[in-house]
Amino acid sequence: MDRPAGTLYVIAAPSGAGKTSLVRALMAADPDLELSISYTTRPPRPGEVDGEHYRFTTPERFQALIDGDRLLEHALVHGNHYGTGRDAVEHAFAGGRDVILEIDWQGARQIRERFPDMVGIFVLPPSREALLDRLNKRGQDSAEVIARRLANARGEMAHATEFDYLVVNDRFEDALADIQAIVRAQRRSMRVQGKRCAGLLGQLLAD
Ligand code: 5GP
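One numbering rule holds for all chains: residues counted from 1, following each sequence as written. Under the rules for a predicted model, residues below a pLDDT of 70 receive no local features and side-chain atom pairs below 80 are neither given nor counted, while totals for whole chains, interfaces and linings still include all residues. No hydrogens and no water enter the side-chain calculation; it runs on all heavy atoms of the structure.

Topic: the pairing of strand E1 (residues 8–12)
Two faces belong to every sheet, and in a regular strand the side chains alternate between them.
Okay, step 1: Counted residue by residue, E1 has five buried out of five residues, so it is predominantly covered.
Okay, step 2: Here the term buried applies to any residue with accessible area under 20% of the maximum for its type, exposed to any over 50%, and partly exposed to those in between, with areas from a 1.4 Å probe on protein chains only. We count a stretch as a helix when DSSP gives it H or I for four or more residues in a row; a strand needs E for two or more, and each element gets its number in order from the N terminus. Because side chains alternate across E1, one face comprises the buried residues Leu8, Val10 and Ala12, and the other comprises Tyr9 and Ile11, equally buried.
Okay, step 3: Two strands are said to pair when DSSP picks up at least two bridges between them. Here four bridges tie E1 to strand E7 (residues 98–102), and the two strands are oriented parallel to one another. The residue of E7 that forms the bridge with Ile11 is Glu102.
Okay, step 4: Pairing of E1 with strand E8 (residues 119–124), which is carried by four bridges, proceeds in the parallel orientation. Its bridge partner lying in E8, Ile11 is registered against Ile121.

Some words on helix H7 (residues 172–187)
Okay, step 1: An expected span of 1.5 Å times one less than the residue number is assigned to each helix. Taking 1.5 Å of rise per residue, 16 residues should cover 22 Å, and H7 covers 23 Å from first to last C-alpha, within 8% of that figure.
Okay, step 2: Those residues of H7 lying buried are Ala175, Leu176, Ile179, Ile182, Val183, Gln186 and Arg187. The arc that holds every buried residue of H7, seen down its axis, measures 140°, which confines them to one face. For this quantity, the arc is that covered by the directions from the helix axis to the C-beta atoms.

Structural notes on the pattern of salt bridges
Okay, step 1: The term salt bridge refers to a side-chain nitrogen of Lys or Arg lying within 4 Å of a carboxyl oxygen of Asp or Glu. The final tally for this structure, using the stated rule, is 14 salt bridges.
Okay, step 2: Asp69 is paired through a salt bridge with Arg114; the nearest N and O atoms lie 3.7 Å apart. One end of the pair, Asp69, is in the loop between helix H2 (59–67) and strand E5 (71–77); the other, Arg114, is in helix H4 (residues 105–114), and 45 residues separate them in sequence.
Okay, step 3: Taking relative accessible area as the criterion, Arg114 reaches 38% and is therefore assigned partly exposed.
Okay, step 4: Look at the salt bridges and you will find they share partners, linking Asp69, Arg86, Glu90 and Arg114 into a network.

A look at the packing of helix H5 (residues 128–136) against helix H6 (residues 143–157)
Okay, step 1: Here, axes are lines fitted to C-alpha atoms. For helices the fit covers the stretch in contact, and angles between N-to-C directions go from 0 to 180 degrees. Two elements in contact, H5 and H6, have axes whose closest approach is 10 Å; the angle formed by their N-to-C orientations is 130°. If you check the angle between H5 and H6, you find them oblique. Seen along the crossing, H5 lies across H6 with a hand that is right-handed. Here Arg128, Leu131, Leu132, Leu135 and Asn136 of H5 come into contact with H6, specifically with Ile146, Arg149, Leu150, Ala153, Arg154 and Met157. Our angle categories are set so that under 35 degrees counts as roughly parallel, over 145 as roughly antiparallel, 65 to 115 as roughly perpendicular, and the remainder as oblique. Less than a right angle of anticlockwise turn of the near helix away from the far helix marks a crossing as left-handed, whereas a clockwise turn marks it as right-handed. The criterion used for residue contact is that any of the two residues' heavy atoms lie within 4.5 Å.

Topic: unusual backbone geometry
Okay, step 1: Look at Asp69: it is not a glycine, yet its phi comes out positive at around 55°.
Okay, step 2: For Asp69, a relative accessible area of 40% gives the class partly exposed.

Some words on the sheet that holds strand E9 (residues 165–168)
Okay, step 1: Spatial strand order, E2-E7-E1-E8-E9: five strands in an open sheet with parallel pairing. Single-partner strands in this sheet number two, and they are strand E2 (33–35) and E9. Each strand axis lies, on average, 25° off the axis of its neighbour in the sheet, ignoring direction.
Okay, step 2: As judged from the four bridges shared by E8 and E9, these two strands associate in the parallel manner. Bridge pairing in E9 places Val123 opposite Val167.
Okay, step 3: Sheet strands in contact with H7 are E1, E2, E7, E8 and E9, and its direction is about 155° off that of E9.

Written out as structure tokens, the structure reads:
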């Protein structure tokens with residue numbers, strides 16, 4: 001993939017850590033970031049819009065995307081298939097933007113294989129009580145449903161140390177500022193600036 005200087009940020013978290021709100025605020029404040037809209041075979045939840053929250057698709061069409069090498073990664077999560085489309089990521093890079101992937105640890109591993117310089121950020125809730133509280137707040141669910149969500153959350157958090165950065169979402173504003181600081185620092189890294197400022201450096205070093 002042609003990638004002038006763009007960075008792939010992979011943001012993962014257990015459900016209940018507030019990842020989606022953080023990503024939304026991050027995107028709203030930074031026009032140079034683009035969120036990749038994943039493909040999924042999961043049916044839409046009430047209020048979810050095709051092309052906005054996910055690209056909802058059938059298992060057959062999902063398989064065709066895999067066969068055609070149109071996905072950068074894909075994984076089975078809680079019984080449904082999810083995957084990151086190659087085209088949208090390529091398009092964002094071509095436009096000079098960075099890309100955010102909101103995916104699970106399995107997808108993060110595959111992205112790391114393809115893009116060893118991806119930046120992985122894992123978001124944690126501040127405590128087990130806070131996590132349980134947030135998992136509970138999702139509606140009037142049975143104890144069994146909540147227990148399953150907790151088990152899933154633990155399964156995801158078991159992979160937190162595979163990421164480059166760990167952000168604890170205690171106060172929302174602090175967690176957002178943390179992620180913005182990571183993005184800002186990354187944009188000044190030599191991998192990025194070496195390409196972006198090659199002309200400037202050449203000019204400054206000229207006889
Ligand atoms: P939900 O169906 O609740 O929106 O998401 C379930 C899980 O699927 C979350 O952990 C989310 O990060 C993960 N997920 C969403 N999109 C993708 C994707 O494109 N690839 C992978 N590997 N995981 C995804």
